[in-house]
Amino acid sequence: MGKQKIIPHIWFDKEAKEAVQFYTAIFPDSSIISSSVLHDTPSGDTESITFTLSGFTMMALSAGPYFQINPSISFFVNFDPSRDDKAKEHLDTLWNALSEGAEILMPLQEYPFSKHYGWIKDRYGVTWQLILSDPKGEERPFIIPSLLFTGNVCGKAEEAIEFYLSVFGHSKKGSIVHYPAGMQMDKEGTVMFSDFMLERQWFSAMDSGYPHEFGFNEAVSLLVECNDQEEIDYYWDRLSADPEAEQCGWLKDKYGVSWQISPEIMDTMMEEGTQEQIDRLTQAFLTMKKLDVEQLKAVYGEQI
């Protein structure tokens, strides 16, 4: 796939380090890539951690109790018997590990769409959909972020997919299944399941007509790693739909999904900089809406 361009980012109150240690212990071939402390933010001192779960990069932040993690963005974990002859056993092992202190959203059992599937909200509030899959045609990756369109954006999943496909390169549609007539609470013709590729990464989207008390928020955002200012400007101009939400490189699109538009060089600065450089960088980006690469390089203070 090459370097991952879109990185799911989870905002915790203060449990980021504990949660990441838990996830990297229970997912195979997983590790913490880097961590840094940001001083004197509006949330006080915050810890940012980049980690990989089975080759899939994610980020976590401990930055106070401002946003509640909810199932509007969850993570499919695909256990494919055609690639793993112990797929069901491995699914059960991960489910059991996630189950301690968890809330079961859909019990692990057979459903019309899978012989073995369950949806679980773990002890930290992050939701996972574990599925025994046997994809016909193109293989799907082990972990896929999944967007659930509820409330005032229910019925917008298909429109949103078309929009995202128009914004991101190396993109294409995958499968799509619509709700038939007679499905309680769900409107005929809305999206029961779909997947699609952005920047060579798979995502999933679905609508839900049930009266959920949650929707997209900043607790789980999607961070886009940009090569330069031109790319930052491109994504910012096309995705941002709520001027009130523009802050520190964060924005919200017209469906309420939170994105972070960030220069790739920021990772290098955070990983390699002294604490003093990181502190200067932090104070600089806290004053920005859209991030300014040259200004960030200037306050960092070294050729990079």
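All values reported here derive from a predicted model rather than from experimental measurement.

**A look at the environment of W250**
Structurally, the position occupied by W250 is in strand β14 (residues 250–252). Between the C-alpha atom of W250 and that of L286, which follows or precedes it by 36 residues, the distance is 11 Å. Apart from the residues within four sequence positions on either side, W250 is in contact with H9, W11, E218, S221, W236, A245, W259 and Q260.

**Considerations on the packing of helix α3 (residues 157–167) against helix α4 (residues 229–239)**
Where α3 meets α4, the axes come as close as 11 Å, and the angle between the chain directions of the two elements is 155°. Comparing the axis directions of α3 and α4 gives the class roughly antiparallel. Crossing of α3 against α4: the hand is right-handed. Counting all contacts with α3, which are made through F163, S166 and V167, the residues of α4 involved are Y234, Y235, R238 and L239.

**Remarks on the nonpolar core**
In this structure, F12, Y23, W128, Y164, W259 and I261 are the most contacted members of the largest nonpolar core, which totals 64 residues. If one sorts the elements of this core by residue count, α3 sits on top with seven residues. Setting aside anything within four residues of it in sequence, one finds W259 in contact with I6, Y164, F168, S221, L222, V224, L239, G249, W250, L251 and D253.

**Quick look at helix α5 (residues 264–272)**
All of the buried residues along α5 are M266, M269 and M270. Axial view of α5: buried residues confined to an arc of 95°, hence all on one face. The inward-facing, buried residues of α5 abut β2 (31–41), β15 (258–263), α6 (275–286) and α7 (293–300).

**Things to note about the packing of aromatic side chains**
A complete count under the given rule lists 25 aromatic pairs for this structure. On the basis of an interplanar angle of 80° and a centroid distance of 5.1 Å, the ring pair of F79 and F142 is categorised as edge-to-face. Residue F79 is located in strand β5 (residues 73–79), and its partner F142 is located in the loop between β8 (127–132) and β9 (143–149); the two are separated by 63 residues in the primary sequence. For F79, a relative accessible area of 5% gives the class buried. Members of the aromatic cluster, connected to one another through ring pairs, are F149, F163, Y164, F168, F216, Y234, Y235, Y255 and W259. Directly above the ring of W202 sits R140, whose terminal nitrogen or CZ lies 3.8 Å from the centroid. Sitting over the ring of F163, K254 keeps its end group 4.3 Å from the ring centre.

About the cut-offs
Residues numbered from 1 in each chain as written. Predicted model: local features only at pLDDT ≥ 70, side-chain atom pairs only at ≥ 80, totals over all residues. Heavy atoms only, no water. Helix = DSSP H or I, 4+ residues; strand = E, 2+ residues; numbered from the N terminus. Contact = heavy atoms within 4.5 Å. Axes fitted to C-alpha atoms, helices over the stretch in contact; angles between N-to-C directions. Parallel < 35°, antiparallel > 145°, perpendicular 65-115°, else oblique. Left-handed = near helix turned anticlockwise from the far one by under 90°. Core = buried A, V, L, I, M, F, W, Y, C linked by side-chain atoms within 4.5 Å. Buried < 20%, exposed > 50% of the residue type's maximum accessible area, 1.4 Å probe, protein only. Arc of directions from axis to C-beta. Phe/Tyr/Trp six-rings, centres within 6.5 Å; stacked < 30°, edge-to-face > 60°. Lys NZ or Arg CZ within 6 Å of the ring centre and 35° of its normal.

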